[in-house]
Amino acid sequence: LPDEATFKPDTTTNYEIGVHSQLGDSLLLNGAVYYIDWDDVQIDSVTENGDIPIVSNGGAAESTGLELSGQYFITPDFSVSAAYAYTNAELTQDAPDLFAPGNGAFSGDRLPGTPESQAYLAAHYEMLLSDGSQLDFDWSMSYQSDVLTKVGERDFGESMSGFSLHNVSTSWFKDAWMVTLYADNVFDEYAQTGVRTDSSFIGEVGLFDLRRYYENMVRPRQVGLRFTYSFDG
C-alpha cells in the first residue's frame with residue numbers, strides 16, 4: 001500500500017550523567033544513568049497484503065536505565081570484575097495500526113529486543129612460571145533477563161526466557177606463542193536468542209505446509225584448544 005512504501009527516519013535525544021573513579025590502586029568503579037527520548041521509532045512490521053516483512057514507524061518511545069561496572073584487584077595478579085545494566089524501554093505514544101489496520105501497540109507497551117536486566121561477573125588470575133612463561137586463568141558469567149520479540153508481546157509476539165552462560169579458559173604465554181584451552185557455555189545452556197517472523201507463519205497454504213518461522217539458539221557447549229602465534233611487525 002502507498003503508506004507502506006516508505007518509512008520516516010527516527011531521531012533520539014539522549015541525556016546521560018555518569019562517573020568514572022579509581023579508589024586507591026585496587027578498585028575501579030563506573031556508573032551512569034540515562035534517559036533517551038525516541039521519536040518515530042523504527043520497528044519490524046508486515047504488509048497488509050501478503051504479510052511481507054517491512055520496517056514501519058511506531059510513534060514515540062523512551063528508554064531509561066542505569067549502568068554499573070567495577071573491577072577489584074585482590075592482589076596484583078588476581079582480579080574480579082562485575083557489571084550490571086537496567087533498561088526500561090517502552091512506547092509513549094499509541095501506534096494503533098502498527099501490525100495491520102486495527103492491530104497495533106499502545107503507550108506503555110515494552111519495546112522488543114532489549115532485556116530489562118543484564119549482568120556480568122568475571123575472575124582473572126595470572127601466574128608467572130620459572131621458565132619465563134605465564135599462565136592465565138579466566139572465568140566469566142553473563143546473564144540477561146527475558147526479551148520480547150514484538151512490541152508489548154502483541155501480534156504473535158513471544159517472550160524469550162532469560163538465561164546465563166559460563167565460560168572458562170586457561171592460556172599459556174611464551175614469547176610469541178599462546179595456547180588456550182577453553183570451554184564456552186560450560187553448563188550447556190539451551191536458550192533462545194531470537195526468532196524469524198512469528199508462529200503465525202506456520203500453517204497450510206493450499207497443498208503445501210508453510211513454515212517461515214524459526215528460532216535462533218545459543219551455541220551448545222564448546223570445548224577447544226587454540227594456538228596463536230604473533231608475528232613481529
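Residues numbered from 1 in each chain as written. Predicted model: local features only at pLDDT ≥ 70, side-chain atom pairs only at ≥ 80, totals over all residues. Heavy atoms only, no water.

## Quick look at the confidence of the model for the chain
Next up, step 1: Per-residue confidence for the chain gives a mean pLDDT of 92; residues scoring 70 or more make up 100%.
Next up, step 2: Within the chain, strand E10 (residues 134-144) carries the highest mean pLDDT (98), whereas strand E3 (residues 42-46) carries the lowest (77). (pLDDT = per-residue confidence, 0-100. Helix = DSSP H or I, 4+ residues; strand = E, 2+ residues; numbered from the N terminus.)

## Let's talk about the pairing of E3
Next up, step 1: Relative to strand E4 (residues 53-57), E3 is paired through 5 bridges, and the arrangement is antiparallel. Looking across to E4, one finds that Val 46 is bridged to Pro 53.
Next up, step 2: Here E3 folds back onto E4, and the loop between the two strands holds 6 residues, one of which, Gly 50, carries a positive phi near 95°. (Pairing = 2+ DSSP bridges.)

## Considerations on the packing of aromatic side chains
Next up, step 1: For the structure shown, the criterion picks out 5 aromatic pairs.
Next up, step 2: Measuring from centroid to centroid gives 6.1 Å for Phe 78 and Tyr 125, while their planes differ by 75°, and the two rings are edge-to-face. Of this pair, Phe 78 sits in strand E6 (residues 78-91) while Tyr 125 sits in strand E9 (residues 117-128), and the two are 47 residues apart along the sequence.
Next up, step 3: Looking at Tyr 125, the relative accessible area reads 32%, which means it is partly exposed.
Next up, step 4: An aromatic cluster is built from Phe 78, Tyr 125 and Phe 137, whose rings are joined through pairwise contacts. (Phe/Tyr/Trp six-rings, centres within 6.5 Å; stacked < 30°, edge-to-face > 60°. Buried < 20%, exposed > 50% of the residue type's maximum accessible area, 1.4 Å probe, protein only.)

## Quick look at the pattern of salt bridges
Next up, step 1: The final tally for this structure, using the stated rule, is 5 salt bridges.
Next up, step 2: Arg 110 is the salt-bridge partner of Asp 146, the closest N and O atoms lying 3.1 Å from each other. Separated by 36 residues along the polypeptide, Asp 146 in the loop between E10 and strand E11 (147-148) and Arg 110 in the loop between strand E8 (103-105) and E9 bring together distant segments of the chain.
Next up, step 3: Note on Asp 146: relative accessible area 24%, which makes it partly exposed.
Next up, step 4: The partner of Asp 155 in a salt bridge is Lys 150, with the nearest N and O atoms 3.0 Å apart.
Next up, step 5: You can call Asp 155 partly exposed: its relative accessible area is 21%.
Next up, step 6: Among the residues examined, Lys 150 registers a relative accessible area of 16% and is labelled buried.
Next up, step 7: When salt bridges with common partners are traced through the structure, they connect Lys 150, Asp 155 and Asp 198 into a single cluster. (Salt bridge = Lys/Arg side-chain N within 4 Å of Asp/Glu carboxyl O.)

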